[in-house]
Amino acid sequence: MIIDAGMGDKENEKFHDIYGVERTRHLDHTLAEAGLAPEDIDIVLASHLHFDHAGGFTVRDAGGRIRPRFPRAQYVVRRGEWEDATHPSVRTRASYLLDNYVPLAEAGVLQLVDDDQTIMPGVKVRRTGGHTQHHQMIVIESGGKTAAFVADLIPTTAHVPEVWVMGYDLYPLDTMAAKQQFVKEAVEKEILTFFEHDPLVAAGYIKEEDKKRTVVAGR
Ligand SMILES: [Zn+2]
């Protein structure tokens with residue numbers, strides 16, 4: 001399984017310029033480092049469908065056709081997120097690019113989930129809302145330990161403090177409420193938390209002392 005897939009390689013120079021994209025490494029490199037190729041992935045699970053998370057779900061082939069990037073995978077998306085992403089508004093349409101996910105439905109590899117549930121043994125999704133109405137985090141349990149892929153609920157370690165939320169969030173008060181609840185749980189249960197957008201700290205343990213939060217890098 002892979003959770004989210006980065007922004008992919010379908011966009012042009014202008015797009016890279018606007019978003020400050022540096023493309024020295026991409027997903028194939030990191031998969032190879034894990035001893036995997038795109039054909040090895042059975043399930044692709046989406047936190048939400050913004051281009052920087054779902055762009056890597058599809059690829060443009062030599063003939064210019066857009067197809068699923070992981071040829072053997074089923075793609076799992078929350079139904080509410082799918083509805084919002086396929087009917088973007090003026091506020092959301094810069095982030096929802098149809099080429100990243102509509103081809104999955106056309107190829108018959110899309111699975112929509114309606115609520116919080118187990119995707120595979122030890123892997124559960126949980127709606128956080130906030131960033132998007134149906135943004136979800138992923139909780140992974142294995143060997144008595146818990147990890148959480150919180151995606152844009154806490155994109156970087158700088159967003160661990162209560163009031164630090166992104167301007168991208170559609171419902172910032174919901175982000176703050178969901179974060180408050182998760183951080184309490186993460187501190188108490190020592191949950192390994194992934195920071196999808198952090199350039200330096202891939203994952204770590206959130207600590208809280210005298211209301212001050214810190215992160216101890218971990219793996
Ligand atoms: Zn996002």
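Everything here concerns the structure above.
Residues numbered from 1 in each chain as written. Predicted model: local features only at pLDDT ≥ 70, side-chain atom pairs only at ≥ 80, totals over all residues. Heavy atoms only, no water.

### What about the coordination of the zinc ion?
Here is step 1: Protein coordination at the zinc ion: the donors are His48 (NE2), His50 (ND1), His131 (NE2) and Asp152 (OD), at 2.1 to 2.4 Å from the metal.
Here is step 2: Coordination at the zinc ion is irregular: its four donor atoms span angles of 81 to 170 degrees at the metal.
Here is step 3: Sequence spacing of the donors to the zinc ion: H-x1-H-x80-H-x20-D. With respect to burial, histidine 48 and histidine 50 carry one shared label: buried. (Donors = N, O, S within 2.8 Å, 3.2 Å for Na, K, Ca; no water. Tetrahedral: all angles 85-135°; square planar, octahedral: opposite > 155°, others 65-115°. Buried < 20%, exposed > 50% of the residue type's maximum accessible area, 1.4 Å probe, protein only.)

### Section: unusual backbone geometry
Here is step 1: Despite not being glycine, aspartate 4 has its phi angle at roughly 60 degrees, a positive value.
Here is step 2: Of note, aspartate 4 is situated in the loop between strand E1 (2–3) and helix H1 (13–19).
Here is step 3: Residue lysine 211 is not a glycine yet carries a positive backbone phi of 70 degrees.
Here is step 4: Examined against the element boundaries, lysine 211 turns out to sit in the loop between strand E12 (203–209) and strand E13 (212–217). (Helix = DSSP H or I, 4+ residues; strand = E, 2+ residues; numbered from the N terminus.)

### Looking at helix H6 (residues 172–189)
Here is step 1: The end-to-end C-alpha distance of H6, which contains 18 residues, comes to 25 Å, matching closely the 26 Å that a straight helix rising 1.5 Å per residue would cover.
Here is step 2: Looking only at H6, the buried set comprises Thr175, Ala178, Lys179, Phe182, Val183, Glu185 and Ala186. Down the axis, H6 shows its buried residues gathered within 165 degrees of arc, on one side only. Seen from the buried face of H6, the exposed residues on the opposite side, beyond 90 degrees, are Leu173, Gln181, Lys184 and Glu188. (Expected span 1.5 Å × (residues − 1). Arc of directions from axis to C-beta.)

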